[in-house]
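# Structural characterization, general
What follows is each chain in one-letter form.
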Amino acid sequence: MGTLCCLLVLLAPLRTGDSRAAERLIMVREQIEARGVRNPDVLRAMREVPRHLYMPEAVRGMAYRDHPVPIGHGQTISQPYIVGLMTELLDVRKSHRVLEIGTGSGYQAAVLAPLVKQVYSMEIVAELAKSAQASLAAQGVGNVSVRHGDGYQGWPEEAPFDRIILTAAPPEVPQALVDQLKPGGKLVAPVGSSALGQELIVLEKRADGSIRRRSTIGVMFVPMVRK
Ligand code: SAH
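Just so you know, these numbers come straight off a predicted model, no measurement behind them.

## Focus: the nonpolar core
In this structure, M46 and Y107 are the most contacted members of the largest nonpolar core, which totals 48 residues. Broken down by secondary-structure element, the contributors of at least two residues to this core are α2 (21-33), α3 (40-48), β1 (69-72), α4 (80-90), α5 (107-112), α6 (126-138), β5 (144-148) and β8 (198-205). Beyond its immediate chain neighbours, meaning those up to four positions away, Y107 contacts M27, M46, V49, R51, Y54, I77 and V83.

Here you go:
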């Protein structure tokens, strides 16, 4: 009986067609929890979202490694730990409407999707917006809206947002995005123009509209480009 139970546990991921669930458990434990990300909802989402299916087939073998992976058009899908850290810093609730700038592969949006009400994600490269939309649809993710456009303008038609996350680095936080944040809202972004990297900042807009900003760790993101 003992053997049968073990066998069933091992076969469970295969049964659901998710052959790489075991790799994800290890990724979350060794790369994300081990570095201090604790939010159980974030950890659960990262155990469940099939990261490899948001990547081009040629690079899927690298999906669960401890580094970013190229996704074409000179862009990358962030290192798993950075996705976990930024999602935790964003401090989301199930009622939240979240704006993401830099859809890329769609993976960060897919991790946010089960944690919030709706994700609005903007991508400046048309082909990436299209393929991310296709990946999200293929996984049955129904609460992410992807729009091809320039994140410097934000998404005024759907503003204000409870939370905003940038996954490309601007030299400074764009004022349009601060304006589209609700009072009580938070924005997480890599900020800076140095070739050596940026700092990951958390900006809070208080109920009275005043802004508080703190920096966390040094990061290395692709620059947020202008149209
Ligand atoms: N969140 C992504 C990581 C994307 S990498 C993921 O999970 O895969 C950063 C992305 O930001 C790239 O796809 C890049 O094309 C996009 N980007 C750069 N400048 C932008 C801008 N001004 N507006 C919208 N997207 C932008």
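Anyway, onward from the coordinates.
## Here's the deal with the packing of α2 against α4
Packed helices, taken two at a time, are described by their axes: the angle between them and the distance between them. One way to put it is that α2 packs onto α4 with a least axis distance of 9 Å and a crossing angle of 70°. With respect to each other, α2 and α4 are oriented roughly perpendicular. Residues M27, Q31 and I32 of α2 lie in contact with α4, whose contacting residues are P80, Y81 and G84.

## Details of the site of the ligand
The ligand sits among 26 residues. The nearest are G102, S105, E123, G151 and V225. At a separation of 3.0 Å, a nitrogen atom of the ligand approaches a polar backbone atom of G102. The separation between an oxygen atom of the ligand and a polar side-chain atom of S105 is 2.6 Å. Contact with the protein chains covers 99% of the free accessible surface of the ligand, which is 580 Å². Where the shell around the ligand is concerned, the elements lending two or more residues are β2 (75-77), β3 (97-101), α5 and β4 (118-123). The greatest single-element share of the shell around the ligand, amounting to three residues, is contributed by β2. A breakdown of the residues in the shell around the ligand according to their chemical character gives 13 nonpolar, ten polar and three charged.

## Thoughts on the packing of aromatic side chains
Aromatic ring pairs are described here by two measures, namely the spacing of the ring centres and the angle between the planes. Tallied over the full model, the rule gives three aromatic pairs. An angle of 75° between the planes, with centres 5.4 Å apart, marks the rings of Y120 and W155 as edge-to-face. With a gap of 35 residues between them, Y120 in strand β4 and W155 in the loop between β5 and β6 (161-166) connect regions that are remote in the sequence. By relative accessible area, W155 is classed as buried at 8%. An aromatic cluster of three or more residues is present, and its members are Y120, W155 and F161. Between the NZ or CZ atom of R35 and the centre of the ring of Y81, over which it lies, the distance is 5.2 Å. A cation over an aromatic ring shows up here: R226 above the ring of Y152, its NZ or CZ 3.9 Å from the ring centre.

Criteria and thresholds
Residues numbered from 1 in each chain as written. Predicted model: local features only at pLDDT ≥ 70, side-chain atom pairs only at ≥ 80, totals over all residues. Heavy atoms only, no water. Core = buried A, V, L, I, M, F, W, Y, C linked by side-chain atoms within 4.5 Å. Buried < 20%, exposed > 50% of the residue type's maximum accessible area, 1.4 Å probe, protein only. Helix = DSSP H or I, 4+ residues; strand = E, 2+ residues; numbered from the N terminus. Contact = heavy atoms within 4.5 Å. Axes fitted to C-alpha atoms, helices over the stretch in contact; angles between N-to-C directions. Parallel < 35°, antiparallel > 145°, perpendicular 65-115°, else oblique. Near = heavy atom within 4 Å. Polar contact = N/O pair within 3.5 Å; in protein donor to acceptor, adjacent residues only side chain to side chain. Areas by Shrake-Rupley, 256 points an atom, 1.4 Å probe, with all protein chains shown as cover. Nonpolar A, V, L, I, M, F, W, Y, C, P; charged D, E, K, R; others polar. Phe/Tyr/Trp six-rings, centres within 6.5 Å; stacked < 30°, edge-to-face > 60°. Lys NZ or Arg CZ within 6 Å of the ring centre and 35° of its normal.

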